[in-house]
Every structure is written in C-alpha cells, then in structure tokens.
There are 2 protein chains.
Amino acid sequence: MAVYTHLSAEDLAALIAQYDVGELVSAKGIAEGVSNSNWILETTGQDGNGARFILTMYERRIDLAELPFFLDLLDHLSSHGLPVPHTIHDRHGASWRMFDQDKAVALIEYLPGVSVDRPTPQQAHAVGASLAQMHIAALEFGETREDKLNVLHNLTALQSCREELAHIDPRLPEMIERGQRICRDWPTSLPETIIHSDLFPDNVLMLGETVTGLIDFYFASNGAMAYDLAVTHAAWCFDRDGSKFHADVGDALMQGYQSVRALEPRENAAMPILAQAACLRFVASRAQDWIDTPPDAHVTRKDPMDFVRRWDVYAEMGDRLFA
Amino acid sequence: MAVYTHLSAEDLAALIAQYDVGELVSAKGIAEGVSNSNWILETTGQDGNGARFILTMYERRIDLAELPFFLDLLDHLSSHGLPVPHTIHDRHGASWRMFDQDKAVALIEYLPGVSVDRPTPQQAHAVGASLAQMHIAALEFGETREDKLNVLHNLTALQSCREELAHIDPRLPEMIERGQRICRDWPTSLPETIIHSDLFPDNVLMLGETVTGLIDFYFASNGAMAYDLAVTHAAWCFDRDGSKFHADVGDALMQGYQSVRALEPRENAAMPILAQAACLRFVASRAQDWIDTPPDAHVTRKDPMDFVRRWDVYAEMGDRLFA
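On a predicted model such as this, the values are computed, not experimentally measured, just so you know. Numbering of residues starts from 1 in every chain and runs along the sequence as written. Each chain is given a letter, starting from A, and each ligand a number, starting from 1, according to the order in which they appear as written. Owing to the predicted nature of the model, reporting of local features is limited to residues with pLDDT of at least 70; listing and counting of side-chain atom pairs is limited to 80 or more, with chain, interface and lining totals taken over all residues. Side-chain measures here rest on the full set of heavy atoms in the structure, leaving out hydrogens and waters.

Next up on the list: the layout of surface pockets. Empty space among the atoms becomes apparent when a probe as large as a water molecule is rolled across them. Here a cavity denotes grid points, spaced 1 Å and computed from the protein atoms alone, that fit a 1.4 Å probe unable to get out, and a pocket denotes an open set having protein on both sides within 12 Å along at least 5 of 7 lines; residues with an atom within 4 Å of a point are the lining. Grid points are joined across faces, edges and corners, and a volume is the space filled by probe spheres set on the points. Computed from the structure, the second largest pocket encloses a volume of approximately 320 Å³. Taken together, 18 residues line the second largest pocket, and the ones lying closest to its centre are V114(A), G208(A), A9(B), E10(B) and A13(B). Contributions of two or more residues to the lining of the second largest pocket are made by β8 (204-207) of chain A together with α1 (9-16) of chain B. Ranked by residue count, the leading element in the lining of the second largest pocket is α1(B), at four residues. Grouping the amino acids of the lining of the second largest pocket by side-chain chemistry returns nine nonpolar, four polar and five charged. Elements are defined by DSSP. Helices are runs of H or I of four residues or more, strands are runs of E of two residues or more, and each kind is numbered from the N terminus. Lys, Arg, Asp and Glu make up the charged group, whereas Ala, Val, Leu, Ile, Met, Phe, Trp, Tyr, Cys and Pro make up the nonpolar group; the residues left over, Gly among them, are polar.

As a further point, take the environment of D102(B). Position of D102(B) among the secondary structure elements: in the loop between β5 (97-99) and β6 (103-109). Counting along the chain gives 44 residues from D102(B) to Y58(B), while the straight-line C-alpha distance between them is 9.8 Å.

This next bit is on the pattern of salt bridges. A side chain of one charge can pair with a side chain of the opposite charge when the charged atoms of the two come close. Residues and elements named next belong to chain A. Just to be clear on terms, a salt bridge is a Lys or Arg side-chain nitrogen sitting within 4 Å of an Asp or Glu carboxyl oxygen. Applying the stated criterion across every chain yields a total of 32 salt bridges over all chains. In this structure, R145 and E66 form a salt bridge, with 3.0 Å as the shortest nitrogen-oxygen distance. Highlighted residues: R145 in the loop between α3 (121-138) and α4 (151-160) and E66 in the loop between β3 (51-58) and α2 (67-79), separated in sequence by 79 residues. Judged by its relative accessible area of 14%, E66 is buried. For R240, the salt bridge identified is with D117, shortest N-O distance 3.3 Å. On the criterion of sequence distance, the pair formed by R240 in the loop between α7 (225-236) and α8 (247-258) and D117 in the loop between β6 (103-109) and α3 is long-range, its members being 123 residues apart. What makes R240 exposed here is its relative accessible area of 54%. Whether a residue is buried, partly exposed or exposed follows from its accessible area with a 1.4 Å probe, protein chains only, as a fraction of its type maximum: under 20%, in between, or over 50%, in that order. Residue classification places D117 among the partly exposed positions, given a relative accessible area of 25%. A single network of salt bridges, built from pairs that share partners, joins R171, E174, R178 and D312.

It is worth spelling out the domain arrangement of chain A at this point. All names here are of chain A. By convention here, the domain bounds are inherited from an automatic or database domain assignment. You can read the domains of chain A as domain 1 (9-109) and domain 2 (121-321). With centres defined by C-alpha atoms, the gap from domain 1 to domain 2 works out at 28 Å. As used here, buried area is the combined drop in accessible area, with a 1.4 Å probe, of two parts when they are placed together. Summing both sides of the interface, domain 1 and domain 2 together bury roughly 1700 Å²; the carbon and sulfur share of this comes to 68%. Of all residues in domain 1, the largest losses of buried area upon contact with domain 2 belong to F69, F70 and P83, amounting jointly to 32% of the total for that side. Linking domain 1 with domain 2 are two salt bridges. Contacts described as polar in this section are N or O atom pairs within 3.5 Å, which, within protein, must combine one atom able to donate a hydrogen with one able to accept it, while residues neighboring in sequence count only if both atoms come from side chains. In this structure, the connection of domain 1 to domain 2 is made through six residue pairs in polar contact (both at pLDDT 80 or more). Only β3 and α2 provide two or more residues apiece to the side of domain 1 that touches domain 2. Considering each element in turn, the side of domain 1 that touches domain 2 owes the most residues, nine residues, to α2.

What follows concerns the interface of chain B and chain A. Between chain B and chain A, the residue contacts involve 33 residues of the former and 35 residues of the latter. Summing both partners gives a buried area of about 2800 Å² for chain B against chain A, and 52% of it is carried by carbon and sulfur. For chain B, the biggest contributors to the area lost against chain A are E10(B), K28(B) and V114(B); these three give 19% of the whole. Put simply, chain B and chain A have two salt bridges between them. Contacts: residue pairs with any heavy atoms within 4.5 Å of one another.

So, on to the environment of S160(B). All names here are of chain B. Its place among the elements puts S160 in helix α4 (residues 151-160). Residues S160 and Q288 lie 128 residues apart in sequence; the distance between their C-alpha atoms is 8.6 Å. A polar atom in the side chain of S160 sits 2.6 Å from the backbone oxygen of A157.

Here the focus is empty space enclosed by the protein. One pass over the structure, following the stated rule, counts one cavity of 30 Å³ or more. The computed volume of the largest cavity comes to approximately 30 Å³. Among the secondary structure elements, those contributing two or more residues to the lining of the largest cavity are β2 (36-43) of chain A together with β2 (36-43) of chain B. Among the residues forming the lining of the largest cavity, the class breakdown is four nonpolar, no polar and four charged.

Quick look at a nonpolar patch on the surface now. Only residues whose relative accessible area exceeds 30% and that take part in no salt bridge are eligible for patches, with like-charged residues grouped when within 9 Å of each other and nonpolar side chains (Val, Leu, Ile, Met, Phe, Trp, Tyr) grouped when within 5 Å. In this description, accessible areas are obtained by the Shrake-Rupley approach with a 1.4 Å probe, and a residue is regarded as covered only by the protein chains that are shown. On the surface, a nonpolar cluster with roughly 230 Å² of combined accessible area is contributed by I136(A), L139(A) and V260(A). Mapped onto the secondary structure, V260(A) falls in the loop between α8 and α9 (265-292).

Attention now goes to the packing of aromatic side chains. Each Phe, Tyr or Trp ring, with Trp reduced to its six-membered ring, pairs with another whose centre is within 6.5 Å; inter-plane angles below 30 degrees give stacked pairs, above 60 give edge-to-face pairs, and intermediate values give tilted ones. On inspection of all chains with the given rule, the structure shows 22 aromatic pairs over all chains. Relative to F307(B), the ring of F200(B) lies with its centre 6.1 Å away and its plane at 65°, an arrangement referred to as edge-to-face. Within this pair, whereas F200(B) is found in the loop between β7 (192-195) and β8 (204-207), its partner F307(B) is found in helix α10 (residues 305-321), the two being separated by 107 residues in sequence. For F200(B), a relative accessible area of 16% puts it in the buried group. On the numbers, 5.5 Å between centres and 75° between planes, the contact of F238(B) with Y314(B) is edge-to-face. With F238(B) in the loop between α7 (225-236) and α8 (247-260) and Y314(B) in helix α10, this residue pair connects regions lying 76 residues apart in the sequence. Grouping residues by exposure puts F238(B) and Y314(B) together as buried. Ring pairing ties together the aromatic residues Y58(A), F69(A), F70(A), F141(A) and Y218(A), which thus form one cluster. One residue, R301(A), lies across the ring of W290(A), its end atom 4.0 Å from the ring centre. If you follow R281(B) out to its NZ or CZ, it ends over the ring of F219(B), 5.2 Å from the centre. In our convention, an over-ring charge means Lys NZ or Arg CZ found within 6 Å of a ring centre and within 35 degrees of that ring's normal.

Attention now goes to the relation of the copies chain B and chain A. Rotating chain B by 180° about the axis while translating it 0.0 Å along that axis superimposes it on chain A, leaving an RMSD of 0.0 Å. Such a combination of rotation and displacement between the chain copies is what one expects of a two-fold axis. The position closest to the rotation axis in chain B is occupied by the C-alpha of I30(B), lying 2.0 Å away. In superposing the copies, a least-squares fit is computed on C-alpha atoms, taking residues whose pLDDT is at least 70 in both.

The subject of this paragraph is the packing of helix α3 (residues 121-138) of chain B against α7(B). All names here are of chain B. Axis definition: a line fitted to C-alpha atoms, limited for helices to the stretch in contact. Angles are taken between N-to-C directions and run from 0 to 180 degrees. With their axes 11 Å apart at the nearest point, α3 and α7 run at an angle of 155° to one another. Relative to α7, the element α3 is oriented roughly antiparallel. As α3 runs across α7, the sense of the crossing is right-handed. Contacts between α3 and α7 involve V127, L131, M134 and H135 from the former and M225, D228, L229, T232 and W236 from the latter. The residue makeup of the contact of α3 with α7, split by class, is six nonpolar, two polar and one charged. Just so you know how the angles are binned, under 35 degrees is roughly parallel, over 145 roughly antiparallel, 65 to 115 roughly perpendicular, and the rest oblique. Left-handed describes a crossing whose near helix is turned anticlockwise from the far helix through less than a right angle; right-handed describes the clockwise counterpart.

With that out of the way, let us pick up α4(B). All names here are of chain B. Within α4, the full set of buried residues consists of V151, N154, L155, A157 and L158. Along α4, the residues classed as buried sweep out an arc of 160° about the axis, all on the same side. What points out from α4, more than 90 degrees from its buried face, is the exposed set L152 and S160. Each element contacted by the buried residues of α4 is listed here: α5 (162-168), α6 (174-184), α7 and α9 (265-292). The arc refers to the directions leading from the helix axis to the C-beta atoms.

Here it is in structure tokens:
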C-alpha cells in the first residue's frame, strides 16, 4: 500500500489538461492498491464547482492488454446502476492513456463511503445483494477474461512452496492434500458471469448500511457466481485472522445475495467446496508472498494461517453453514 | 511515507463524532508524513454542504508534551492570515485528543494546492515572501521550543557516523572538518523568531504562483530567521540531487523574502555560513538514516551527497550568491 511513482504538480497539471475536468486544485497520493499507485485529485470541475477523482497508475502485475477489460467493466457496471466507479474519458475519448511512455493511467470516478472492519449482519446483507446485482449486470458484459487464479492454479502454487510450508506453520503442508481433494471433487457447469473474485471489506465502500462503492476489479474474470459468493463469505464472515466465525453475518450475506438472485440447488450444494477453494486460494497466495518477502523487509506479511482457520470451519461445518 | 495505523470505518466514525463537523462521508489514508499517519476525511460538514479535513495521527518521533506548541503555532499563524492550516477543536475545545489510549490525533484544516518539483523564479519569490510573513507573525507567538537540530547537534551527529562515512562516499569524511569550521565561525545574536526549519517544496502547497499552504511544522523551533531562509534556499534552488544550482530561483527567493522583511547587514553577511550549516544538517541526518536503513529494506534512502553538492556551491560561491 504505497505510492510507487512521484508525480509533481507539473506532471499532474499536464495530465489533467488532457481531460475536460477543469484545473488542478489538489492532489494527494493515497495509501491504497498494491499493484498500482493512486491519488485523490481535486479539480475546479467542468462547472467550476469542484470535482474529485481517483487517478490510478498501473505499476506492475497488470498486462496492459487487459486494461480495456477492467475499465470497460467499470463503465458497464456503472451504467447498469451498480455503485461502481466509472472512468473519465480523455479529450480523445480514451479511458486510459500512457504517462511518461511507460505507465498507463486512468482517471476514475470518486465514490463516497468507507470500508468497515467489523461488518454487521445488515451490512453483510447489503453486500450480498450488491454482489448478486453485479453478477446479473455482468451477464450482459461483452468481454471475457480467463480466470487465471482457478483452483488448479492455486493448488499448483501451494505445491510449489511444499519445501517451505512447514517452516511457516507445521499445519500448512496438510493443506496440499486438502487442495487435491477439492480439485478432485470440483463442481462443473455452475452458472457463470464476470466475477469480482476479491470482494473483501477493503474493496467495498459503505455509508451506514448502504453500499456506496464496489472497487478494485483487477482480479475480475469469467467464473462461477457461487464461487464469488464463497470468496465474499470467507472475506466477510470471520474475524480478520479467521479465529472467529460470525454465523449471523454469514446468514445475512447469503440471504442478501438470494434476495436478488436465488442460488440454484447445485450451487447451494457446491458452496462448502467453493468456500474451501476460496481458502486454498488465499493460503497459496499468502504462502508465496510469505516466502518471497524477507522478514526484515518493513512490509507486513499476511499470515496464510488466517485462511487455514477459515478452511477448518468450512471443512467441518460447511454442509450445515450453507444448508 | 505511509499509513502506519489501520483505522476502520467504525474507528473513524467514533472519532469524528467528537467534533462538530457532521457525519463521515469518506476517508483515505494518504502517503505523506514520515513520523505520522494522515488521512483525508470528508464529512457532511456543519451545514450539510460537505467539508474536508486532514486527520493526523502522531506515531513516533514526537514528544506529546510538544504537541500543543506545534498545534498552537498552526492556529496562531492561521489567525494572522498565513496560509497555514488551523486545527479543528473537538467538542471540549481541545486541539488534539488521544485515540485508543496511546496515540494522539488532531483534525486539521484541508488546504488546496500541490507541491512543485521544479520551482520557477516567480514561485520562489512567493515562497520567500510567505516565509518572511511567517517570521514576522511568529514574533508574537507566546510559546517557545528549543532548536534541537542546532549546528553543534548536527556536527556531533555527523561525527558519530565517522567510521561509516567513507563507505557511503569517499568525500563524506571531509565534511566533519568543514562542519567544525562552521561551528567555530558560527554567528551569534542574529534576529530570531519561530522558524519552520524544513520548508522544502514538499511542505509548500501552491496553485500557480500563489502559496496556498505552508505545512508540516514539526521541526519548528526558536531560531535565527536567516537560518530558516538559508534552509529554504538550499531546499528550493537546486535540482533535487544538488547537481545544478538555479541562480535565478535563488535570487527570486531572496528578493521575495526581502520584499516583506529586509535582512539586516549581519544577516546578509551570515548567509553563506548559514547555508552551509543547512547542508551540514541534511548531510548528517541522511548519513545517519543511510547507516540505519538496511539496503534491502524496501525504503528509498536519501543520498547525503545531494547536500554535499549544495554545500560545495555555498562554500565556493556563497559570498557572491548572497552579496
């Protein structure tokens, strides 16, 4: 969470001049995003009454060929009434442009709201409903993106760390076998759409019990709707470290989703394994990051065990949780 | 430059409720400050028309007993018409309060403007004039704070790194002798006030050629006005790495300052040594940081040589520069 590139007043003014948004008034680098840098920009606005935007600079991890998919998706969902930030197009009509020849930037709508840490059932209900609305709206989106973080990829990623896993925690190596069972029993032909894939509380802006923003779609891809719901369940219904499961929040999330889109019986039946697959994904990615990050790197490493604890809950109680 | 503490929506709402500023609308951690964390907060405002603030959390390096000095200084300068952010007092009239029992926070006015990288002479003129206005307004400030980063402290700090200096750059050890000469010839009884001591371009907000904000007063202390001007000269009139001196910017800064407050002859005469003392300070602090920061710490270390190059200019040309 940092700003990786220094943008001077001179840089920003030149950039803003490419958009019909008035003159630059203020710019602050914000501490969000891991693969991109972000600034809050304030301008005089088209009407002189002031306007705010998020400027995103894509620093790494993103394939520029995929940028139109992500930005078009924002515009598609926004135009379908979702609280998703739309892009501001430049004077040539483009939703992104190059800065300094080597980095892509996009100017994006600024949405109100803050991220909650300890969601209430009411808030989880609202998030579930928004996710279902997003799934339905995304059915009409004309572009596709392969799910690169599918279950087989995640299992392979975890297996690639096999030697080091026990050094992180003695229980981690068992997760490989668990992951193999998930791959073996993987449900096919679930209803698909474009899924967010990373709808943690950090990526939802709320005011009270209202969802005011769904953000950070850079993991979005084609995928099973129920898997996206399972990721969201794992992200919202536990204490951060996975030590406590909040059944009331989980129930509210499921009810909120189904208040907009009823799950099919095969989706309901698949939820326990999908939720475990969600845990596999974050155990694998966190184990890799843990191994890649030196302990003295001044960066907080996220503990893969946070999602082993969740996985235990889904493995033991999944059938009852999603009954 | 980071946000060191996570503040949830729940934390922020509870905090904002202590102030008469309306309801929380948005909060973004911003990538500014090294010894504190900062957020841009947006609220509905007292009148419902929206308002923005900077929330600062004091993380380290600051002695809480000194916080009233810094915050009272902001209020004093702001009330004297300087573009300095004033503090927002809480419902009990306090300019700061404790959060979670162990960290002080203050809510501070949000000012427009952006920091320039390559100041023009016109911009430097405006900054010089603002600095002089600040010096005059600060004469009436009733509180005092000892200058802990005085020239003797800085020389001692550099000497404490004696063993390691040559490993950073072969020229660095000579700077100890240079520093000793500065201490020996140090001018006394220059006019004093409360000085900013760190008025780099990062700490000045501008819109075009107008200064809209002087910020980050956490190095402010009693001190010689001309020394503050010398620090500002070293900060504004060179390329970032000190490789190029911009005489036109330097002349404009001096003229801008003197358009508000004429330097006394003894101040004029002292400028070359004061400018070298400014370089000593940043050479010493950067050398210490360099030694304290492991090369693989994912943190950009600032090169002390940036200020050795400036020091060379002042040592060789100082008498002519400030004639």
